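This is what each chain is made of:
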Amino acid sequence: MTKEPTRGKRKGAPASAPSTPDAQPAGRQQYRARALRSLGALMPGVTRPAFRKQSPAAVQVMVDWPDIVGPDLARSTVPRRLSAGTLTVACNGPVAMELQHLAPALIARINGACGPGVVKRLRMQQDMTLRPTPPPPPPRPVPAPVAIEDMPEGPLRDALSRLGGWVGQRKTGTRRR
């Protein structure tokens, strides 16, 4: 009165049923069809691990920081972390004092760009290794195009005349370094 072992067999399946599709006779293989799903339905599963580490609002603050605070503050500050409504901003030297005075306006600008209630308070963190980036160099003046008489009118002639102006400026040594 012992039972036979059911290793590899499903409960309730008849003994004559094949356990894999490969064991079925040729021409009777069943393929598992997957239902089509929209990309929007798949996105939560893909983005959830990334959003556990960084919220979308924090990522937007980090990416848009120069546009939110302006180029002057962006050169001497870096957003480090956003958690529980507190934005930690690394800054160098006396910029922390300036940020304390600008905090209400800065919080309003961040919340205006990223959504209401994203940032409730700022926490300044002095970082002496953070160096202010120098302002970008002013744009170079565009040289006068060179006249080309032996070419017909068109975009190629215009492009070559502009290129000739840049090459002529380079040869004369008026280029800034």
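Note: the structure precedes this text.
All figures in this text were calculated on a predicted structure; none of them were measured in a lab.

Draft legend 1. Seen up close, the pairing of strand S1 (residues 77-83). As judged from the six bridges shared by S1 and strand S2 (residues 86-91), these two strands associate in the antiparallel manner. Directly across from Pro-79, in S2, lies its bridge partner Val-89. Taking the residues between adjacent antiparallel strands as the criterion, S1 and S2 are bridged by two residues, where Ala-84 takes a positive phi near 55 degrees.

Draft legend 2. The arrangement of the pairing of strand S3 (residues 121-126) in detail. Pairing geometry for S2 and S3, over six bridges, is parallel. In the sheet register, Thr-86 faces S3, and the bridge partner there is Arg-121. Once you follow S2 into helix H5 (residues 95-114) and on to S3, the crossover reads as right-handed.

Draft legend 3. Spotlight on the sheet that holds S1. The three strands are arranged S1-S2-S3 in an open sheet whose pairing can be described as mixed. In this open sheet, the two strands that pair with only one neighbour each are S1 and S3. Between one strand axis and the next, the sheet turns by 25 degrees as a mean value, whatever way the strands run. Running at roughly 175 degrees to S1, helix H2 (residues 56-63) makes contact with S1 and S2 of the sheet.

Criteria and cut-off values
- Residues numbered from 1 in each chain as written.
- Predicted model: local features only at pLDDT ≥ 70, side-chain atom pairs only at ≥ 80, totals over all residues.
- Heavy atoms only, no water.
- Pairing = 2+ DSSP bridges.
- Helix = DSSP H or I, 4+ residues; strand = E, 2+ residues; numbered from the N terminus.
- Right-handed = clockwise from strand over helix to strand, strands pointing away.
- Axes fitted to C-alpha atoms, helices over the stretch in contact; angles between N-to-C directions.
- Contact = heavy atoms within 4.5 Å.

By themselves, these figures tell us nothing about what the structure is for.
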